[in-house]
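Here is how the chains run, residue by residue.
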Amino acid sequence: MTDLPTLRESLEAHGLMAKKSFGQHFLLDLNITSKIVRLGGPFDGDIVIEVGPGPGGLTRALLETEARKVIAIEMDSRFIDLLGELNAVYGDRFEVIEGDATKVDEAQLLANHNLIEAAHIVSNLPYNVGTPLLIKWLTGPWQPLSMTLMFQLEVALRVVAPVGDDDYGRLSVISQVLCDCEKIMDLPARAFTPPPKVDSAVVKLLPKAKRPDKAIIKNLEKVTAAAFGQRRKMLRASLKSLGGEALLEKAGITPTERAEQVSPQDFLRLAHLI
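Residues numbered from 1 in each chain as written. Predicted model: local features only at pLDDT ≥ 70, side-chain atom pairs only at ≥ 80, totals over all residues. Heavy atoms only, no water.

**Student:** So what exactly am I meant to see when it comes to the overall build of the chain here?
**Tutor:** Helix and strand counts for the chain come out as 13 helices and 7 strands. For a compact globule of 274 residues, the expected C-alpha radius of gyration is about 19 Å, and the chain comes in at 20 Å, within 12% of that figure. Its C-alpha atoms put the chain at 65 × 40 × 30 Å along the principal axes. Classification of the 274 residues of the chain by burial places 50% in the buried group. A separation threshold of at least 6 residues defines the contact pool for the chain, and within that pool the share at least 24 residues apart is 68%. Total accessible area computed for the chain in this model is approximately 12900 Å², and 50% of it derives from carbon and sulfur atoms. (Helix = DSSP H or I, 4+ residues; strand = E, 2+ residues; numbered from the N terminus. Rg over C-alpha atoms; globule rule 2.2 N^0.38 Å. Buried < 20%, exposed > 50% of the residue type's maximum accessible area, 1.4 Å probe, protein only. Contact = heavy atoms within 4.5 Å. Areas by Shrake-Rupley, 256 points an atom, 1.4 Å probe, with all protein chains shown as cover.)

Here you go:
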C-alpha cells in the first residue's frame with residue numbers, strides 16, 4: 001500500500017464524493033480496514049468477493065493478505081478507473097467489475113474467471129441494500145465460505161440477537177439457523193466520510209456445515225414471515241394459515257407463545273413440519 005496515493009488523495013484526484021442515493025459512506029482509515037480484514041480472515045489462498053468497494057479502503061487491506069484473488073463488484077461507475085489503478089501494484093490478483101451485486105450470480109462470476117472454488121464475501125455494505133444482500137447470500141443457491149459484513153448498527157444487532165431480545169426477529173432466525181454469527185467490531189459514525197446518522201458494526205457469519213435443503217429454507221422464510229409479521233399475536237393465530245395449533249403442538253411449541261419467544265432451532269423444526 002505504500003506505493004499508492006492515500007485514499008483521500010485518490011478521491012481528490014478523481015474529483016469524487018459519496019453519493020447519498022447509493023447509501024455511500026467511505027471508510028478511509030486504513031488501520032480500521034486492516035483490522036476488519038484481520039478479524040474476518042484468514043483468507044490464505046482463497047478467493048474474496050468484495051461488494052461496494054468505493055475508493056478501495058477494504059480492497060487495499062484485502063490485497064495485503066494472502067488471498068489468491070480479490071474480485072470487487074462496484075455499481076458506481078465513477079469508481080471503476082480509480083479502483084483499476086490498483087492493478088499497477090497488485091496485477092491480476094485484483095479485478096473490478098461494474099455491476100449491481102443484488103443481481104450478480106456469484107457462481108457464474110467465479111466460473112467466468114475459471115475459478116471453481118467457493119469464495120469469501122467481505123463488504124462495507126451500502127445501507128440501502130445491506131439486508132437484501134445478506135438474505136440473498138444466506139438463502140440463495142450459492143453459498144460463500146464466510147461473510148464479513150458491515151451494517152448500520154441496528155441491522156447488525158438484529159443478525160446476532162438472542163431469542164427474547166428486543167432486536168430478535170426474522171433476520172436473527174434465518175441468519176442463526178444457517179450460520180454461526182458474531183459481532184466482531186463496532187464503528188462510530190465519525191469513522192466514516194461523510195459520517196452517517198447512525199453507528200455501524202461488523203458481523204462475521206460462518207455457514208454451518210449441515211445446511212437445510214432448499215425446500216426447508218423456503219419454509220423457514222415462510223414461517224418466520226408469518227410469525228414476525230404479526231409478532232404481537234400468539235403463534236396459534238399468526239401461524240393459523242400454516243397449521244396453527246396442530247402444527248405447533250407437533251413441534252412441541254406452546255401455541256400461546258409469541259414469535260420472539262421461539263428459538264431459531266424451534267423455527268427450523270416448524271419449517272421441517274410444514
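**Student:** Teacher, can you tell me more about the sheet that holds strand β7 (residues 200–207) here?
**Tutor:** The pairing of strands in a sheet comes from backbone hydrogen bonds and takes either a parallel or an antiparallel form. What the 7 strands build is an open sheet, ordered β3-β2-β1-β4-β5-β7-β6; its pairing is mixed. Single-partner strands in this sheet number two, and they are β3 (94–98) and β6 (179–187). The sheet shows a mean angle of 25° between the axes of neighbouring strands, direction not considered. Taken together, the 4 bridges between strand β1 (residues 47–51) and strand β4 (residues 119–124) define a ladder with parallel strand orientation. When the bridges of β4 are listed, Glu50 appears paired with Val122. Each of β1, β4, β5 (147–152), β6 and β7 is contacted by helix α7 (residues 130–139), which is oriented at about 155° to β5, the strand it contacts most. (Pairing = 2+ DSSP bridges. Axes fitted to C-alpha atoms, helices over the stretch in contact; angles between N-to-C directions.)

**Student:** I'm lost on the environment of Gly130 in this one. Help?
**Tutor:** Positionally, Gly130 belongs in helix α7. For Gly130, a relative accessible area of 4% corresponds to the buried category. Residues Gly130 and Arg190, 60 residues apart in the sequence, show an inter-C-alpha distance of 20 Å. Here Gly130 is in contact with Leu125 and Phe151, once residues within four sequence places are set aside.

**Student:** So what exactly am I meant to see when it comes to the packing of aromatic side chains here?
**Tutor:** Within the structure shown, the criterion is met by 3 aromatic pairs. Between Phe26 and Phe79 the ring centres are 5.5 Å apart and the planes differ by 80°, which places this aromatic pair in the edge-to-face class. With Phe26 in the loop between α1 (7–14) and α2 (30–40) and Phe79 in the loop between β2 (69–74) and α4 (80–84), this pair connects stretches of sequence that are 53 residues apart. Plain terms: the ring middles of Tyr168 and Phe228 are 6.0 Å apart, the flat faces sit at 75° to each other, and that makes the pair edge-to-face. Separated by 60 residues along the polypeptide, Tyr168 in the loop between α8 (153–160) and α9 (170–178) and Phe228 in helix α10 (residues 214–229) bring together distant segments of the chain. Owing to a relative accessible area of 0%, Tyr168 belongs among the buried residues under this scheme. Joined through ring pairs, the aromatic side chains of Tyr168, Phe228 and Phe267 make up one cluster. (Phe/Tyr/Trp six-rings, centres within 6.5 Å; stacked < 30°, edge-to-face > 60°.)

**Student:** Looking at this structure, how should I read helix α12 (residues 244–251)?
**Tutor:** Each turn of an α-helix holds 3.6 residues, which means side chains three or four residues apart point in the same direction. Burial in α12 covers these residues: Gly244, Leu247, Leu248 and Ala251. In an axial view of α12, the angular spread of the buried residues amounts to 95°, which keeps them on one side of the axis. Relative to its buried face, α12 has exposed residues pointing more than 90 degrees away, namely Ala246, Glu249 and Lys250. Packing partners of the buried residues in α12 comprise α11 (235–238) and α13 (264–273). (Arc of directions from axis to C-beta.)

**Student:** Is there a simple way to think about unusual backbone geometry in this case?
**Tutor:** Trans peptide bonds make up most of the peptide bonds, and negative phi angles are found at most residues other than glycine. The step from Gly41 to Pro42 runs through a cis peptide bond, and the omega angle for that step is 5°. Along the polypeptide, Pro42 turns up in the loop between α2 and β1. A cis geometry characterises the amide bond from Thr193 onward to Pro194, with omega recorded as -10°. When you line up the elements, Pro194 lands in the loop between β6 and β7. Although it is not a glycine, Asn114 sits at a positive phi angle of roughly 55°. By secondary structure assignment, the location of Asn114 is in the loop between α6 (106–112) and β4.

**Student:** Before we go on, may I ask you to explain the packing of α10 against α13 in this structure?
**Tutor:** At a minimum axis separation of 8 Å, α10 and α13 run at an interaxial angle of 115°. In this structure, α10 crosses over α13, and the sense of that crossing is right-handed. Residues Ile216, Asn219, Leu220, Val223, Thr224, Ala227 and Phe228 of α10 form the contact with α13, whose own contacting residues are Phe267, Leu268, Leu270, Ala271 and His272. (Left-handed = near helix turned anticlockwise from the far one by under 90°.)

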